Amino acid sequence: MKPSKALLLTLVLLTALEAGAQIYPWNLKPIFDQPLETSDVWGYELRQYVMERVPKLPSAASAAQWTREAEALRERLLSEVIFHGWPKKWVTAPPHFVAEGAIPGNGYRIEKLRYEIVPGFWSTALLYEPVHLAGKAPAVLSVLGHFEKGKAMDFNQKLCINYTLRGMIALTPEWIDMGELRQPDNDHINFEGDLDLVGANAVGLFYLAMRRPLDYLWNDPHVDRRRIGITGLSGGGWQTIMLSALDPRVDTAIPVAGFESILSGLDKISGPGRTPEGIGDMEQNPTDFYTVLDYPALVAMRAPRPTLEVYNATDDCCFRAPLVKPYVFREVQPIFQLFGQKSSLEWHENIQPGTHNYMLDNRQQSYRFFTQKFHLPIANREIPVASQVKSYDALAVGIPADNLTILSLAKKFAAEIQRSPIPQDPAAHDAWSAPERTKLRGILRYEPVRI
């Protein structure tokens, strides 16, 4: 049998040490610069390893069976993953919103709001309302992803204005690390892991940030609770599927290019003919998430509520339509069919421009879907409102100067950690160490590997 490169390298090093040779980094560099395996080999092995462990979409023989299965998954994901480590009093706290003035519009008004995600961590939002409300109106939560101007993005303003001109209320909150929350210490990539490090799953903060605005709409006396929708692009698409799957108060959902199955994500691992893309930020792939479910299950949990999945044919950011459709749409259709509501799950593939966008074609799909499902006059065309789009500064609400950030919140958690002193008595030490060792195994998810 031909020896592996790893074995040969080990033999070279052992021989050199036996001969008394001096080993320096510059001596070893030419040896360790040699790749042990090609990218196609390790890429294949990694994909095979992960594919065997991805949670499959549970099967169900009836709508009642799936409803029970979905409720169990919902409870597990919320309790074991999303709210892991978060104080219960924060999770169950009522929404805390403060009005900060209003801006008149042409047939609508915009109210500036500030709201508390958790104590000391404030965000902002804009409430778009028709001037003349007759009775209770449907409402749409327009959530955003990684867009520097946040809620002031042109496409988002056009959406919200058009919703109000069609008789809907629209609420659009700021996204952490964007818009008014764009501070270095709110950086997703650098500091979300700090929350995990101190025992609070980072995704919990993002979930509370999007759930508070839903609480606001639910309590708004002008809102028809039976007709609440949500939509968003990119990170907003991720928020859309997470909140609408886990919170039954959301009736209609339009996620736009915001998520994929980890199985389609595996095709993007570096290798021959593959693009080295990621599968989203840490909140989109939170700790322990894939021990419970994969994203197709979140879509299935929407059944039989109206859901329009929008993806882009040549997406230059994240989730190209042809790659994700087999998993997040076709695989889920049978679940909707159990309810006799296969048509409640729709798919739209954007061709023009086909990139990562919420431009005219995608926006018009949202008007059509919401007006149809909310039993309003069907709107297939956008009302031109470009002249009504306002500047970032005009829409700014303002947050406290000492507002918490992801990093400062993690530091706050860390300062509250209490450690029991290690017993010095041998017998007491033994009694203390056994449960601590068990706890450490659980934290590390440690499982012995036998070959």
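Below: a short report on this structure.

Rules of the game
- Residues numbered from 1 in each chain as written.
- Predicted model: local features only at pLDDT ≥ 70, side-chain atom pairs only at ≥ 80, totals over all residues.
- Heavy atoms only, no water.
- Patch = residues over 30% accessible without salt bridge, like charges linked within 9 Å, V, L, I, M, F, W, Y side chains within 5 Å.
- Areas by Shrake-Rupley, 256 points an atom, 1.4 Å probe, with all protein chains shown as cover.
- Salt bridge = Lys/Arg side-chain N within 4 Å of Asp/Glu carboxyl O.
- Helix = DSSP H or I, 4+ residues; strand = E, 2+ residues; numbered from the N terminus.
- Buried < 20%, exposed > 50% of the residue type's maximum accessible area, 1.4 Å probe, protein only.
- Pairing = 2+ DSSP bridges.
- Right-handed = clockwise from strand over helix to strand, strands pointing away.
- Arc of directions from axis to C-beta.
- Contact = heavy atoms within 4.5 Å.
- Phe/Tyr/Trp six-rings, centres within 6.5 Å; stacked < 30°, edge-to-face > 60°.
- Lys NZ or Arg CZ within 6 Å of the ring centre and 35° of its normal.
- Axes fitted to C-alpha atoms, helices over the stretch in contact; angles between N-to-C directions.

Some thoughts on a nonpolar patch on the surface
Step number 1: A surface patch of nonpolar side chains, about 450 Å² in accessible area, is lined by L440, I443, L444 and Y446.
Step number 2: For Y446, the position within the fold is in the segment after helix 18 (426-444).
Step number 3: Of the residues examined, Y446 reaches a relative accessible area of 49% and is grouped as partly exposed.

Regarding the pairing of strand 7 (residues 252-256)
Step number 1: The element strand 7 is extensively covered by neighbouring structure, given that five of its five residues are classed as buried.
Step number 2: Burial of the side chains of strand 7 extends over both faces: T252, I254 and V256 are buried on one face and A253 and P255 on the other.
Step number 3: Here strand 6 (residues 223-233) pairs with strand 7 via five bridges, running parallel. Across the sheet, L233 pairs through a bridge with V256, a residue of strand 7.
Step number 4: In the classification by handedness, the crossover that spans strand 6, the intervening helix 9 (residues 235-246) and the parallel strand 7 is right-handed.
Step number 5: Two strands pair when backbone bridges link them, and strand 7 and strand 8 (residues 307-312) are joined in this way by two bridges, in the parallel orientation. Paired with V256 across the bridge in strand 8 is V310.

Quick word on helix 4 (residues 63-82)
Step number 1: Those residues of helix 4 that sit buried are A63, W66, A70, L73, R74, L77, L78, V81 and I82. Considered in projection along helix 4, the buried side chains sweep an arc of 125° and stay on one side of the axis.
Step number 2: Looking at the buried residues of helix 4, the elements they touch are helix 8 (203-219), helix 9, helix 11 (289-292), helix 12 (295-300) and helix 14 (333-338).

Examining the pattern of salt bridges
Step number 1: Taken as a whole and judged by the stated rule, the model has 19 salt bridges.
Step number 2: A salt bridge links D224 to R226, with the nearest nitrogen and oxygen atoms 3.2 Å apart.
Step number 3: Take D224: its relative accessible area is 6%, and that puts it in the buried class.
Step number 4: Residue classification places R226 among the exposed residues on the basis of a relative accessible area of 67%.
Step number 5: A cluster of three or more residues bridged by salt bridges with shared partners is formed by R211, D215, D247 and R249.

Let's talk about the environment of T92
Step number 1: Among the structural elements, T92 can be located in the loop between helix 5 (88-91) and strand 1 (97-104).
Step number 2: Judged by its relative accessible area of 54%, T92 falls in the exposed class.

Comments concerning the pairing of strand 1
Step number 1: Bridge count for strand 1 against strand 2 (residues 108-118) is six bridges, and the pairing is antiparallel. Note that in strand 2 the partner of P104 across the bridge is R109.
Step number 2: Connecting strand 1 to the next strand, strand 2, in antiparallel fashion are three residues, including G107 with a positive phi near 95°.

Points about the side chain of E180
Step number 1: Its location among the elements puts E180 in the loop between strand 5 (169-173) and helix 7 (188-197).
Step number 2: Leave out the neighbours within four places in its chain, and E180 touches T124, K151, E174, Y392, L395, A396, V397, G398 and I399.

Examining the packing of aromatic side chains
Step number 1: According to the stated counting rule, one finds 20 aromatic pairs in the structure shown.
Step number 2: Taken together, a centroid distance of 4.6 Å and an interplanar angle of 45° make the contact between F97 and Y216 tilted. You can see F97 sitting in strand 1 and its partner Y216 sitting in helix 8, a full 119 residues away along the chain.
Step number 3: Measuring from centroid to centroid gives 5.8 Å for Y163 and Y367, while their planes differ by 80°, and the two rings are edge-to-face. On the criterion of sequence distance, the pair formed by Y163 in helix 6 (residues 154-165) and Y367 in helix 15 (residues 360-373) is long-range, its members being 204 residues apart.
Step number 4: Y367 sits in the buried class, given a relative accessible area of 0%.
Step number 5: Each residue in the set F259, F289, Y290, Y295, Y311, F329 and W347 is aromatic and connected to the rest through ring pairs, giving one cluster.
Step number 6: The ring centre of Y49 lies 3.7 Å from the NZ or CZ of R53, which sits over that ring.
Step number 7: Looking at R114, its charged tip hangs above the ring of W122, at a distance of 4.9 Å from the centre.

Notes on the sheet that holds strand 8
Step number 1: Spatial ordering of the open sheet is given by 1-2-3-5-4-6-7-8-9, a layout of nine strands whose pairing is mixed. Edge positions in the sheet fall to strand 1 and strand 9 (345-350), since each has one partner strand and no second. Averaged over all pairs of adjacent strands, the angle between their axes in this sheet comes to 20°, without regard to strand direction.
Step number 2: Helix 8 rests against strand 1, strand 2, strand 3 (121-130), strand 4 (137-143), strand 5 and strand 6 of the sheet, and its axis sits at about 135° to strand 2.
Step number 3: Relative to strand 9, helix 15 is tilted by about 165°, and along the sheet it contacts strand 4, strand 6, strand 7, strand 8 and strand 9.

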